[in-house]
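Structure at a glance
Chain residues, written in single-letter form:
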Amino acid sequence: MTSFNTIDDLEAEQRVLVRLDLNSPVEDGAVQDNRRFSRHAKTIKELAEAGHRVVLMAHQGRPGNDTFVSLDQHAEIMAGHIGRDVQFVDDIYGEKALDAIDALESGEVLLLENTRMSDDELPEEDPEVKAETEFVQTLAPHFDAYINDAYSAAHRKHASLVGFPLVLPAFAGRVMETEYEANTAIANREFDGQVTMVVGGTKATDVIGVMNTLGDKIDTFCLGGIASHLFLRAAGYDIGYDRHENLDLYDTQWENNKEIIQELYEERRDQIKLPEGLAYEDDNDERAEHDNEELNAADYDYMDISEETVDKYDPIIRDSDAVFLKGALGVFEDEKFAAGTVGAVKAIAETDCFSVIGGGDTSRSIEMYGMDENAFDHVSIAGGAYIRALTGDDLPGIELLIDAAQ
Ligand SMILES: Nc1ncnc2c1ncn2[C@@H]1O[C@H](COP(=O)(O)OP(=O)(O)O)[C@@H](O)[C@H]1O
Ligand SMILES: O=C(OP(=O)(O)O)[C@H](O)COP(=O)(O)O
């Protein structure tokens with residue numbers, strides 16, 4: 001089914017430029033190890049063991065955010081995963097980077113600095129424009145092949161993702177291959193019984209996208225996270241707006257999407273399951289809950305769906321033939337607020353249904369709470385790209401790999 005060239009098609013002992021997605025949570029400046037490292041490690045190990053000279057590119061955060069940091073820690077974490085040294089150079093395509101690239105021996109691995117530290121990287125532009133950037137034009141002559149393994153960033157038209165396939169022979173890495181096959185299969189698959197989508201997370205557009213395009217294929221949507229607060233607001237409850245001036249979780253999303261949220265809520269009321277209540281932290285730093293009628297967004301930050309909601313979603317999941325989950329139902333990173341996410345993920349794991357767990361952040365809950373990845377048909381390390389695959393939207397980074405193979 002693969003429609004692009006993979007690393008199986010590489011010639012021997014190549015100088016390869018590999019785009020990964022190592023975008024990770026950062027806590028107090030410390031990059032958190034996660035599934036993206038272990039998944040990409042497979043591609044890197046294979047390339048290094050085959051004797052290629054392996055140069056890695058990746059991004060972290062966005063300029064202006066706390067998570068926008070150097071990739072020096074990523075090199076160390078990755079070295080632990082592949083069991084060999086990962087050199088790091090704090091440069092992308094300057095003299096320092098080029099010297100390090102040219103000095104690389106067969107089987108050696110080098111990571112370049114955060115691609116988003118180059119002004120050429122971020123503006124979303126056509127591949128033809130990106131291919132002409134100094135970034136791409138300077139680096140490309142130092143390589144024989146470009147490998148895109150960054151499935152979870154394939155929805156972005158950034159230089160490191162769409163520029164190189166136009167100027168170098170282009171191949172897919174192992175993560176790209178696996179995610180593409182699993183997610184494309186989902187979009188085209190038919191199920192006999194009930195199909196459920198559990199959607200949480202922080203982005204209203206994720207929920208809107210799947211409801212709009214898959215609303216007729218999915219029987220039930222169980223909502224959690226910030227997305228559910230916006231739908232609760234549409235249902236008339238006192239929730240779904242920002243209580244602090246410097247907080248921007250709700251108001252912008254509500255302003256941009258209120259008509260569509262209200263419309264979807266009216267049109268699909270039978271399919272949409274909303275929380276019965278939400279959890280917050282009380283004055284003793286303990287978990288406490290409000291029923292929907294008690295919600296008061298001016299005074300409380302709501303961090304999880306209530307226990308009653310967990311009990312409401314559980315049988316829906318267990319009666320399903322297929323369950324897709326995207327986005328956490330609460331702030332599961334804090335144990336007090338993990339009940340919603342863990343409850344749903346555990347019910348999916350224990351049910352003999354076709355199951356996919358999606359979301360870079362959300363998939364972390366599996367190991368954090370001692371669950372086995374093998375209990376699911378697929379655990380995607382992608383968030384936005386996974387949603388786009390499900391809804392049939394283009395992933396430009398992948399289109400270019402397919403074009404390159406034709
Ligand atoms: N009620 C909530 N308030 C704040 N954050 C929430 C809430 N519910 C879920 N989240 C957060 O949503 C994040 C995951 O959502 P998102 O980033 O959209 O998805 P992903 O990265 O998994 O694609 C989790 O890290 C979780 O902490
Ligand atoms: O983590 C990513 O996307 P995700 O949060 O949708 O999983 C990708 O690295 C893309 O990052 P971006 O959304 O800052 O362009």
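The model shown is predicted, which means the values in this text are computed figures rather than measured ones. Every chain is numbered independently, its residues counted from 1 as its sequence is written. Each chain takes a letter, starting from A, and each ligand takes a number, starting from 1, following the order in which they are written. Side-chain atom pairs in this predicted model are given and counted only at pLDDT of 80 or more, local residue features only at pLDDT of at least 70, and totals for whole chains, interfaces and linings cover all residues. For side-chain calculations, the full set of non-hydrogen atoms in the structure is used, while hydrogens and water are omitted.

**Regarding the UniProt feature "binding site: ATP" (unreviewed entry) in the protein**
UniProt positions are given in the numbering used here, feature names are shortened, and annotations may be inferred rather than shown by experiment. In the numbering used here, UniProt assigns the feature "binding site: ATP" (unreviewed entry) to Glu-333, Gly-359, Gly-360, Asp-361 and Thr-362. Taken together, the annotated residues stretch across 30 residues yet fold into one region, lying no more than 14.1 Å apart by C-alpha. Strands are runs of DSSP state E lasting at least two residues, helices are runs of H or I lasting at least four, and both sets are numbered from the N terminus onward. If you trace the backbone, Glu-333 turns up in the loop between β15 (322-326) and α12 (339-350). Classification of Glu-333 as partly exposed rests on a relative accessible area of 37%. Not counting residues within four places of it along the chain, the set of residues in contact with Glu-333 comprises Arg-364, Met-368 and Tyr-369. Among the structural elements, Gly-360 can be located in the loop between β16 (354-358) and α13 (364-368). In contact with Gly-360, not counting residues within four places along its chain, are Arg-36, Ile-381, Ala-382 and Gly-383. Buried residues are those whose accessible area, probed at 1.4 Å on protein chains only, stays under 20% of the maximum for their type, while exposed residues exceed 50% and partly exposed ones sit between those limits. The contact rule is simple, with two residues in contact once any of their heavy atoms fall within 4.5 Å.

**What about the site of ligand 2?**
Residues are classed as near a molecule or strand on a simple rule: at least one heavy atom within 4 Å of it. In the vicinity of ligand 2, the contacting residues are Asp-21, Asn-23, Arg-36, His-59, Arg-62, Arg-116, Ser-152, Arg-156, Lys-203, Gly-383 and Gly-384. N or O atoms closer than or at 3.5 Å make up a polar contact, with two conditions inside protein: a donor-capable atom paired with an acceptor-capable one, and, for residues adjacent in sequence, both atoms drawn from side chains. Arg-62 is positioned such that a nitrogen or oxygen atom in its side chain is 2.8 Å from an oxygen atom of ligand 2. Exposure was quantified through the Shrake-Rupley algorithm and a 1.4 Å probe, taking into account, for residues, occlusion by the shown protein chains and nothing else. Contact with the protein chains hides 85% of the accessible area of ligand 2, taken as 390 Å² for the molecule alone. Amino acids outside the nonpolar list (Ala, Val, Leu, Ile, Met, Phe, Trp, Tyr, Cys, Pro) and the charged list (Asp, Glu, Lys, Arg) are all regarded as polar, and Gly is one of them. Along the lines of polarity and charge, the residues of the shell around ligand 2 split into no nonpolar, five polar and six charged.

**Here we look at the pairing of strand β13 (residues 287-291)**
Side-chain alternation along β13 places Ala-288 and His-290 on a buried face and Arg-287, Glu-289 and Asp-291 on a face that remains uncovered. Pairing between strands requires that DSSP locate at least two bridges from one strand to the other. In terms of strand pairing, strand β12 (residues 277-281) meets β13 through five bridges, oriented antiparallel. Its bridge partner being in β13, Glu-281 is matched across the sheet by Arg-287.

**Observations regarding the sheet that holds β13**
Taken together, three strands build an open sheet; the order of strands is β13-β12-β14 and the sheet is antiparallel. In this open sheet, the two edge strands, each paired with only one partner strand, are β13 and β14 (304-305).

**A look at the site of ligand 1**
Looking at ligand 1, there are 19 residues lining it, with Thr-202, Tyr-302, Lys-326, Glu-333 and Thr-362 nearest. With respect to ligand 1, the side chain of Glu-333 contributes an N or O atom lying 2.4 Å from an oxygen atom. In isolation ligand 1 exposes 570 Å². Once the protein is present, 89% of that is buried. With three residues, helix α9 (residues 225-234) is the single largest residue contributor to the shell around ligand 1. By residue class, the composition of the shell around ligand 1 is six nonpolar, nine polar and four charged.

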